[in-house]
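# Per-entry structural report
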Amino acid sequence: METGNTSNNIVLQPGDIVTVPHAGIVYALGAVGRPGGFVMANDRSQLSTMKILALAGGLSKTAKSSHAVIVRKDGQGINVKLPSI
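Residues numbered from 1 in each chain as written. Predicted model: local features only at pLDDT ≥ 70, side-chain atom pairs only at ≥ 80, totals over all residues. Heavy atoms only, no water.

### A few points about the overall build of the protein chain
What counts, and what does not: Under the DSSP-based scheme used, a helix requires at least four consecutive residues in state H or I and a strand at least two consecutive residues in state E, with every element numbered from the N terminus. The buried label applies to any residue whose accessible area, calculated with a 1.4 Å probe on protein chains only, is under 20% of its type's maximum; exposed applies above 50%, and partly exposed to all values in between. By definition, residues are in contact when any of their heavy atoms lie within 4.5 Å. Residue-level accessible areas treat just the shown protein chains as cover; the underlying method is Shrake-Rupley with a 1.4 Å probe.
When helices and strands are counted, the protein chain shows one helix and four strands. When the helices and strands of the protein chain are read in sequence order from the N terminus, they spell out β-β-α-β-β. Split into buried and exposed, the 85 residues of the protein chain put 15% on the buried side. The contacts in the protein chain between residues at least 6 apart in sequence include a share of 34% that link residues at least 24 apart. Carbon and sulfur atoms form 55% of the exposed surface of the protein chain, whose accessible area is close to 6,800 Å².

### Digging into the nonpolar core
The following threshold applies: What we call a nonpolar core is a set of buried Ala, Val, Leu, Ile, Met, Phe, Trp, Tyr and Cys residues that are connected through their side-chain atoms within 4.5 Å.
The biggest cluster of nonpolar side chains holds eleven residues, and these are V26, A28, V32, F38, M40, I52, L53, A56, A68, V80 and L82. Residue assignment for this core shows that the elements contributing at least two residues are strand 1 (25-28) and helix 1 (49-55). Not counting residues up to four positions away in its chain, the partners in contact with V26 are G36, G37, F38, M40, L47 and I52.

### Remarks on a nonpolar patch on the surface
Our working definition: Patch definition: residues above 30% relative accessible area lacking any salt bridge, with like charges linked at up to 9 Å and the nonpolar side chains Val, Leu, Ile, Met, Phe, Trp and Tyr linked at up to 5 Å. Here, a salt bridge means any side-chain nitrogen of Lys or Arg that lies within 4 Å of a carboxyl oxygen of Asp or Glu.
A cluster of nonpolar residues, I25, Y27, L29 and V39, forms a patch on the protein surface that exposes about 460 Å² of accessible area. Here I25 is to be found in strand 1.

### Points about the confidence of the model for the protein chain
The cut-off we apply is this: Values of pLDDT, ranging from 0 to 100, describe the predictor's confidence in every residue of the model.
Of the residues in the protein chain, 82% have a pLDDT of 70 or more, and the chain-wide mean is 79. The secondary-structure element of the protein chain with the lowest mean pLDDT is strand 4 (residues 77-79), recorded at 79, while strand 2 (residues 36-39) shows the highest, at 88.

### Let's talk about the environment of K64
For K64, the location among the structural elements is in the loop between helix 1 and strand 3 (69-71). K64 sits 18 residues away from L82 along the chain, and the two C-alpha atoms are 9.5 Å apart.

Structure (structure tokens):
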């Protein structure tokens, strides 16, 4: 993962947990209440997509939850299905 090798990528399913080692900061950008970077307490912290959205003040009225994407450091995107809130 740290070298950016995408040959081992797998399809994510609802309920899967994605662990990002040594991330330090997770960014929530786009149509959220408070876009920006959020510091992870340590490299063993786990933040779900919903927790990150909560830290970012939730989705704005113009957000399209069906178009949410997790973008990795190497620029690869992973589509995410967010629950309707």
